[in-house]
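Here is how the chains run, residue by residue.
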Amino acid sequence: MRISSAQRPDRPSRRPSSVHLFPGQGDFSVAALAGAVRPGTGLATAARQVFEEVDQVTAERGLPRLGPWLLGQRPPSGRELAHAGPGLAQLALYGASLTVHRALCASWGEPSAVVGVSFGEIAALASAGVLTVPDGARAAHDLALVLAGCPGGLTLLSCPEPSARRLLERAGATDTVVAVVNDDRSVVLAGPVSDLARVEKTAADQSVPAARLRLPFSSHHPELTAQSEKFAASLRAYAFAPARLPVYSAVAGRRYGPDDDLPRRLADCLTLPAVVPTVLHQVAEHRPDVAFEAGTGSALAASARRVLAADALPVHAPLTEPDFAW
């Protein structure tokens, strides 16, 4: 899988430039990571290196070591991971995203920019050198502990944002909000479980596909101010270095700058919506040759293809593509 100059004749022949897209927590598969990591491959090397650093944090916080478990002969199921200790699922997603990022860097070179969607921002910031890998893992674990106190849930609707807002009105779901806009066909709602159940029934009556995400918390909701403040306070314990490459935030709706209070901006992910198309259009201005989803799924890649269709930008989700050439 290489981009030739014939495919992009306006560019000189050179190593293709890329952007890395870091997804949030709704599309994480332990099996995809375990199945893709084969001994002796660049992906296996990256996974071993990343999880050695992540496991510095599991050790200090009294959690099982993730590297030997995820990369061993019998990797855990998502359910086993969720029940093995608080925050292990978030740490596994964080490590998986950085694993894909590092393996891509080894074969394609460092990206020209990275995009963080929701709490994918933690891995995006670590990939840009803003946080060390262990501090990013600490931040991911801190987040998990905060999310445990975020009541409600999240529902995926397969419709445009205006249609989702009309469904909220019809359902009388006054405490539910549009939490994430993925593209012009997909949004995520956050709110009380009772509200979400009414919205899902209303959506079914309107033939709009709806699916509750398997996450036992809500986020991107304005009523999570206290949790947001708690998360921001925990993040101030870590050193935030200048970014060595551009970092775009779907919550901030822009590229982060040197004057940004990054603990506060990361904590905004608990209270403010993420609008993915806005930052995808911005990052396309870097004129990359290819975009990669730095995660275990493909939902963000699918959204990027739809949003950037006019740019004819190839978008890949490496762990979901069996013939992907690392």
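Each remark here, short or long, concerns the structure printed above.
Reference entry: report on the structure contained in this document. A quick note: this is a predicted structure, and the numbers were derived from the prediction, not measured. Residue indices follow the written sequence of each chain, beginning from 1 at its first position. The model is predicted, so local features are restricted to residues of pLDDT at least 70 and side-chain atom pairs to those at 80 or more, both for listing and for counting; the totals for chains, interfaces and linings are taken over all residues. No hydrogens and no water enter the side-chain calculation; it runs on all heavy atoms of the structure.

1. With respect to helix H9 (residues 193-205)
Turning to step 1, where the next piece is worked out: Working definition: helices are DSSP H or I runs of at least four residues, strands are E runs of at least two. Numbering for both runs from the N terminus. Take the number of residues in a helix, subtract one, and multiply by 1.5 Å to get its expected span. Between its first and last C-alpha, H9 extends 18 Å over 13 residues, near the 18 Å set by a 1.5 Å rise per residue.
Turning to step 2, where the next piece is worked out: Residue contacts are counted whenever heavy atoms from the two residues lie within 4.5 Å of one another. Residues of H9 that are buried make contact with strand E3 (153-157), helix H8 (161-171), strand E5 (186-191) and strand E6 (210-212).
Turning to step 3, where the next piece is worked out: Following H9 by one or two positions, Ser207 has its phi on the positive side, about 60°.

2. Details of the packing of aromatic side chains
Each aromatic ring pair is specified by the distance between its two centres and by the angle formed by the two planes.
Turning to step 1, where the next piece is worked out: Note on aromatic pairs: the rings of Phe, Tyr and Trp (six-membered ring only in Trp) are paired at centre separations within 6.5 Å, and the planes decide the class, stacked below 30 degrees, edge-to-face beyond 60, tilted for the rest. If you walk through the whole model with that rule in mind, you get 4 aromatic pairs.
Turning to step 2, where the next piece is worked out: Both rings, one in Phe324 and one in Trp326, keep their centres 4.9 Å apart while their planes meet at 70°; by these two values the pair is edge-to-face.
Turning to step 3, where the next piece is worked out: Think of it in three bands: residues with accessible area under 20% of the maximum for their type are buried, residues over 50% are exposed, and the middle band is partly exposed, with areas taken using a 1.4 Å probe on protein chains only. A relative accessible area of 29% means that Trp326 is categorised as partly exposed.

3. As for the sheet that holds strand E1 (residues 18-22)
Turning to step 1, where the next piece is worked out: Think of it this way: DSSP has to see at least two bridges between two strands before they count as a pair. Taking strand neighbours across the sheet as the criterion, the 6 strands line up as E8-E7-E2-E1-E10-E11 in an open arrangement whose pairing is mixed. Strand pairing shows two members of the sheet lacking a second neighbour, strand E8 (254-255) and strand E11 (315-316), which therefore form its edges.
Turning to step 2, where the next piece is worked out: The pairing of strand E2 (residues 113-116) with strand E7 (residues 247-249) spans 3 bridges and is classified as parallel. Bridge pairing links Val114 to Val247 in E7.
Turning to step 3, where the next piece is worked out: Taken strand by strand, helix H6 (residues 120-127) contacts E1, E2 and E7, and its axis lies near 160° from that of E2.
Turning to step 4, where the next piece is worked out: Fitting a line to C-alpha atoms yields each axis, with helices limited to the stretch in contact; the angle taken between N-to-C directions then spans 0 to 180 degrees. Along the sheet, helix H12 (residues 276-284) contacts E1, E2, E7 and E8; its crossing angle with E7, the most-contacted strand, is approximately 155°.

4. Remarks on helix H2 (residues 42-60)
Turning to step 1, where the next piece is worked out: Here H2 is 19 residues long and its end C-alpha atoms lie 28 Å apart, about the 27 Å a rise of 1.5 Å per residue gives.
Turning to step 2, where the next piece is worked out: To get the bend at a residue, fit one axis to the 7 residues ending there and another to the 7 starting there, then take the angle between the axes. Maximal helix bending in H2 amounts to about 25°, located at Glu53.
Turning to step 3, where the next piece is worked out: Among the residues of H2, Leu43, Ala44, Ala46, Ala47, Val50, Phe51, Val54, Asp55, Val57 and Thr58 are the ones counted as buried.
Turning to step 4, where the next piece is worked out: Buried residues belonging to H2 abut helix H1 (30-36), helix H3 (66-70), helix H5 (88-108) and helix H7 (133-147).
Turning to step 5, where the next piece is worked out: Gly62 occupies a position one or two residues after H2 and carries a positive phi of about 70°.

Note that every value here comes from positions in space, so none of it alone points to a role or purpose.
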